[in-house]
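Below, each chain spelled out in residue letters.
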Amino acid sequence: MARQDVKVEVIHLRSAGVDLGKRFLLACTRVPSPKKPGSWSLETERFGTTQSEIRRLLAWLVDARVEVVVMEAASDYWRSVYYMLQPHLNLMLVSPAHLKGIRGRKTDPSDAAFLARAGASGMAMGSFVPDREIRELRDLTRRRTEIVRAAGQEAQRLAT
């Protein structure tokens, strides 16, 4: 059988990955290399989780002219970053379970680069994130459910 070279199709020439953490964010841009045609330049930067740092991240991504930004839906850490970046960038929130099925995943230091590659090639599948009004309605109904449940537990505790 003849050997065939398989090249990964590139859907987005300029992509970024953001690895979210409790104390800091690690972002990596993947753009065409100006020095070597057909190759990619990766640039990684560390950001804090404050609003001013997320604004700095936004400016950095806009300056790099990225077409898509991929971030993992880790705990609730993604929410503030996603909501601040979403009006300005094409964001893709991906499930950690989906990412485990993609070959080539390494450890935390390279997660942002992995996310950028996954976004560039279209390997990552974005999760549905509803509009702001629907998110707020969901939050209210979840809170109401919590309060009703807590009230029922308290009534049972007082009855015994």
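Here goes a summary of the coordinates provided. (Residues numbered from 1 in each chain as written. Predicted model: local features only at pLDDT ≥ 70, side-chain atom pairs only at ≥ 80, totals over all residues. Heavy atoms only, no water.)

1. Things to note about the sheet that holds strand β2 (residues 24–32)
Sheets are built from strands paired through backbone hydrogen bonds, the pairs being either parallel or antiparallel.
Stage number 1. With mixed pairing, five strands are arranged side by side in an open sheet as β3-β2-β1-β4-β5. Here the strands that pair on one side only, and so sit at the sheet edges, are β3 (40–48) and β5 (91–94). Averaged over neighbouring strand pairs, the angle between their axes works out to 20° when direction is ignored.
Stage number 2. The strands touched by helix α2 (residues 78–85) are β1 (15–20), β2, β4 (68–72) and β5; relative to β4, the strand with the most contacts, the crossing angle is about 165°.
Stage number 3. Along the sheet, helix α4 (residues 111–121) contacts β1, β2, β3, β4 and β5; its crossing angle with β1, the most-contacted strand, is approximately 140°. (Pairing = 2+ DSSP bridges. Helix = DSSP H or I, 4+ residues; strand = E, 2+ residues; numbered from the N terminus. Axes fitted to C-alpha atoms, helices over the stretch in contact; angles between N-to-C directions. Contact = heavy atoms within 4.5 Å.)

2. Considering the packing of helix α1 (residues 51–63) against α2
Stage number 1. Here α1 crosses α2 at 50°, and the two axes come no closer than 10 Å. Taken together, the axes of α1 and α2 are oblique relative to one another. Both α1 and α2 take part in a crossing whose hand is right-handed. On α2, the residues touching Gln-51, Ile-54, Arg-55, Leu-57, Leu-58 and Leu-61 of α1 are Ser-80, Val-81, Met-84 and Leu-85.
Stage number 2. Looking at the contact of α1 with α2, its residues break down into seven nonpolar, two polar and one charged. (Parallel < 35°, antiparallel > 145°, perpendicular 65-115°, else oblique. Left-handed = near helix turned anticlockwise from the far one by under 90°. Nonpolar A, V, L, I, M, F, W, Y, C, P; charged D, E, K, R; others polar.)

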